[in-house]
Amino acid sequence: MNDLTTTAERAIATTTDSTSATDDAPVLFLQRIDRVYRQGTGRLEILRGAELAIWSGQSVALVAPSGAGKSTLLHVAGLLEHPDSGEVYVDKVATSRLSDSERTRIRRLEIGFVYQFHHLLPEFSALENVMLPQMIRGLARNEARSRAEELLSYLGLRERFTHRPAELSGGEQQRVAIARAVANAPRILLADEPTGNLDPNTAEHVFNALTQLVRASGLAMIVATHNMDIAARMDRRVTLRDGQVVES
Ligand code: ADP
Ligand code: MG
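Residues numbered from 1 in each chain as written. Chains lettered and ligands numbered in written order. Predicted model: local features only at pLDDT ≥ 70, side-chain atom pairs only at ≥ 80, totals over all residues. Heavy atoms only, no water.

### Re the nonpolar core
Part 1 of the reasoning: One finds Val130, Leu152, Val176 and Leu189 to be the most contacted residues of the largest nonpolar core, which totals 41 residues.
Part 2 of the reasoning: Broken down by secondary-structure element, the contributors of at least two residues to this core are α4 (126–137), α5 (141–154), α6 (170–181), β7 (188–192), α7 (200–217), β8 (220–224) and α8 (228–232).
Part 3 of the reasoning: It is α7 that provides the largest number of residues to this core, a total of eight residues.
Part 4 of the reasoning: In this structure leucine 189 touches Gly112, Phe113, Val114, Ala181, Val182, Leu210, Leu219, Ala220, Met221 and Ile222, once residues within four positions along its chain are discounted.
Part 5 of the reasoning: Formed by 30 residues, the second largest nonpolar core is a distinct cluster that contains Ile106, Phe113, Leu190 and Ala224. (Core = buried A, V, L, I, M, F, W, Y, C linked by side-chain atoms within 4.5 Å. Buried < 20%, exposed > 50% of the residue type's maximum accessible area, 1.4 Å probe, protein only. Helix = DSSP H or I, 4+ residues; strand = E, 2+ residues; numbered from the N terminus. Contact = heavy atoms within 4.5 Å.)

Written out as structure tokens, the structure reads:
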């Protein structure tokens, strides 16, 4: 491990620790979440009283069949979708009572997302893709750049700063997406089948990058995945049964 690695770890850890209380409260708590999709006259009850608590530094695998509601759960957890009832606590803050702009602020600062497809901006370089969320947050260009360089180096992409997404392999694209997701040092990382699009070796690589970050930073992470090898190595495994979260 080189100096950059240590710096990146410190950068992530410092920002994360400064906001985290050292009590036993979960950093994310989904309380009795209901989520119903209405289709014409029908009702699709995807989440029914779903509960999940997750603590800093913990990684949780969410393994359930397609259509079970994994993405729905992550969208609710990430404040992208409102539940029909129930509460999402981020750091003990009940988010349903917040205004949209306050929720957006929490989402930007506290929550990072990684999707199955990288969703990087095609016309920007790897470096710029990781700088942008930081600049949106208000960081100066130089600061954003140096943190982006640290993160990308940490994820083994030191030689890829100026590459655009189309000039990167699938695994490299996902590692840039991970760097972007943690660029603002969130407390929570939500990953929706992040390796679903990759061959097993590359998936392994990307997953190792994720777990390394969780360890270095005290992030809490939920990963929806079908990859049992990956799930087996996370701190906890949960599934969805009849709309509820069940430890497995
Ligand atoms: P998973 O990620 O586990 O595959 P999803 O959470 O994406 O499952 O979807 C759960 C179920 O909810 C699926 O049957 C899906 O068709 C349905 N669904 C998801 N989003 C919507 C929506 N916006 N409107 C109606 N039905 C939806
Ligand atoms: Mg899904």
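On we go from here.
### With respect to the site of ligand 1
Part 1 of the reasoning: Residues in close proximity to ligand 1 include Tyr37, Gln39, Ile46, Pro65, Ser66, Gly67, Ala68, Gly69, Lys70, Ser71 and Thr72, which together make up its full environment.
Part 2 of the reasoning: Between ligand 1 and tyrosine 37, the relevant distance is 3.5 Å, taken from a nitrogen atom to a side-chain nitrogen or oxygen of the residue.
Part 3 of the reasoning: Within the contact set of ligand 1, an oxygen atom lies 3.0 Å away from a backbone nitrogen or oxygen of glycine 69.
Part 4 of the reasoning: Bound to the protein, ligand 1 loses 62% of the 570 Å² it would expose on its own.
Part 5 of the reasoning: Secondary-structure elements contributing two or more residues to the shell around ligand 1 are β1 (28–39) and α2 (70–77).
Part 6 of the reasoning: No other element matches the three residues that α2 contributes to the shell around ligand 1. (Near = heavy atom within 4 Å. Polar contact = N/O pair within 3.5 Å; in protein donor to acceptor, adjacent residues only side chain to side chain. Areas by Shrake-Rupley, 256 points an atom, 1.4 Å probe, with all protein chains shown as cover.)

### A few points about the packing of α6 against α7
Part 1 of the reasoning: It is the contact of α6 with α7, at a shortest axis distance of 9 Å, that shows an interaxial angle of 15°. As the angle between them shows, α6 and α7 are arranged roughly parallel. α6 and α7 meet at a crossing whose hand is right-handed. Counting all contacts with α6, which are made through Gly171, Gln174, Arg175 and Ile178, the residues of α7 involved are Thr202, His205, Val206, Ala209, Leu210 and Leu213.
Part 2 of the reasoning: For the contact of α6 with α7, a count of residues per class yields five nonpolar, four polar and one charged. (Axes fitted to C-alpha atoms, helices over the stretch in contact; angles between N-to-C directions. Parallel < 35°, antiparallel > 145°, perpendicular 65-115°, else oblique. Left-handed = near helix turned anticlockwise from the far one by under 90°. Nonpolar A, V, L, I, M, F, W, Y, C, P; charged D, E, K, R; others polar.)

### Quick notes on the environment of aspartate 192
Part 1 of the reasoning: Inspection of the secondary structure puts aspartate 192 in strand β7.
Part 2 of the reasoning: Once the C-alpha coordinates of aspartate 192 and leucine 120 are considered, the two residues, 72 residues apart in sequence, prove to be 15 Å apart.
Part 3 of the reasoning: Ignoring any residue separated from it by four or fewer positions in sequence, one finds aspartate 192 in contact with Ser71, Leu74, Val114, Tyr115, Gln116 and Ala224.
Part 4 of the reasoning: At a separation of 2.6 Å, a polar atom in the side chain of aspartate 192 contacts the side chain of serine 71.

### Quick word on the pattern of salt bridges
Part 1 of the reasoning: Counting across every chain of the model gives 10 salt bridges.
Part 2 of the reasoning: Notably, a salt bridge pairs arginine 145 with glutamate 149, separated by 3.8 Å at the nearest N-O pair. Of this pair, arginine 145 and glutamate 149 both sit in helix α5, four residues apart, roughly one helical turn.
Part 3 of the reasoning: The exposure class assigned to arginine 145 is partly exposed, which follows from its relative accessible area of 34%.
Part 4 of the reasoning: With relative accessibility at 27%, the residue glutamate 149 sits in the partly exposed group.
Part 5 of the reasoning: Arginine 160 is paired through a salt bridge with glutamate 172; the nearest N and O atoms lie 3.1 Å apart. You can see arginine 160 sitting in the loop between α5 and α6 and its partner glutamate 172 sitting in helix α6, a full 12 residues away along the chain.
Part 6 of the reasoning: Looking at arginine 160, the relative accessible area reads 27%, which means it is partly exposed. (Salt bridge = Lys/Arg side-chain N within 4 Å of Asp/Glu carboxyl O.)

### Quick notes on the packing of α4 against α5
Part 1 of the reasoning: Relative to each other, α4 and α5 sit at 130°, their axes nearing to 8 Å. One finds that α4 runs oblique with respect to α5. Crossing of α4 against α5: the hand is right-handed. Residue-level inspection shows Ala126, Leu127, Val130, Met131, Gln134 and Met135 of α4 in contact with α5, the latter providing Arg141, Glu143, Ala144, Arg145, Arg147, Ala148, Glu149, Leu151 and Leu152.

### Considerations on the environment of serine 85
Part 1 of the reasoning: Tracing the backbone through its elements, the reader meets serine 85 in strand β4 (residues 85–90).
Part 2 of the reasoning: Look at serine 85 and you get partly exposed, because its relative accessible area is 29%.
Part 3 of the reasoning: Remark: the alpha-carbon pair of serine 85 and valine 36, spanning 49 residues in sequence, is separated by 9.4 Å.
Part 4 of the reasoning: Here serine 85 is in contact with Arg32, Ile33 and Asp34, once residues within four sequence places are set aside.
Part 5 of the reasoning: Of note is the side chain of serine 85, whose polar atom sits 2.9 Å from the side chain of aspartate 34.

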